[in-house]
Amino acid sequence: NVKLIMKILYIDMDGVLVDFQSGIDQISDSDREKFKPDFDDVPGIFSKMVPVDGAIESYKKLSEHFHVYILSTAPWKNPSAWSDKLGWVKKHLGHLGKKADKRLILSHHKNLNKGDYLIDDRLRHGVREFEGEHIHFGKGKFKGWDEVVEYLLTNA
């Protein structure tokens, strides 16, 4: 019996699964002025955000071929961000039956997680030091979800 081992894939939230700008667009003008440029400190902002185009479908498809975890950072100055991120995962990915909420990891040191791939739009919080392959979402050949899914399903 040959047992195939699925590879581990981490996916960032903000700017990858979640459209951060959609949250900014929904806050009041006074909050926009008060928190500028640190919009991630606005209480409740993470609960207002919508998925990036193609993110939910891509997460579902990739979950069929990889052990998928959501690896995100939450701001220290915004305690609601931690629970809002969990709420977002339950709301937008909970229906997939893969227990996405149990696969949410919040860390400021993404390089401490062992895995094969990390899809992230930035290089901060340990992304540069991640030992697997960093797929730089929104950059170069990975402009959007279609390119990322095609690459992973072809090369994994």
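Coordinates for the structure precede this section.
Counting restarts for each chain: residues are numbered from 1 in the order of the written sequence. Reporting in this predicted model follows two pLDDT cut-offs: at least 70 for local features of residues, and 80 or more for side-chain atom pairs to be given and counted; totals over whole chains, interfaces and linings ignore these cut-offs and use all residues. Only heavy atoms go into the side-chain values, all of them from the structure, while hydrogens and water stay out.

### As for helix α3 (residues 55–63)
All of the buried residues along α3 are Ala55, Ile56, Ser58, Tyr59, Leu62 and Ser63. Down the axis of α3, the buried side of the element spans an arc of 165°, and every buried residue falls inside it. Working rule for contacts: check all heavy atoms of both residues, and any pair within 4.5 Å makes them a contact. Numbered from the N terminus, helices here are DSSP runs of H or I no shorter than four residues, and strands are runs of E no shorter than two. Buried residues belonging to α3 abut β1 (7–11), β3 (50–51), β4 (66–72), α4 (79–93), β6 (117–120) and α5 (145–155). With a 1.4 Å probe rolled over the protein chains alone, any residue whose accessible area is under 20% of its type maximum counts as buried; one over 50% counts as exposed, and the rest are partly exposed. Directions drawn from the helix axis to the C-beta atoms are what define this arc.

### Side note on the environment of His109
Following the sequence through the fold, His109 ends up in the loop between β5 (104–106) and β6. Look at His109 and you get partly exposed, because its relative accessible area is 47%. Along the backbone, His109 and Asp53 are 56 residues apart, and their C-alpha atoms lie at a distance of 27 Å.

### Thoughts on unusual backbone geometry
Here the bond from Lys36 into Pro37 is cis, since omega is 0°, no more than 30 degrees from zero. By the secondary structure assignment, Pro37 is in the loop between α2 (29–35) and β3. Phi at His125 takes a positive value of approximately 60°, unusual for a residue other than glycine. Topologically, His125 is positioned in the loop between β6 and β7 (133–136). Its relative accessible area of 21% is what places His125 among the partly exposed residues.

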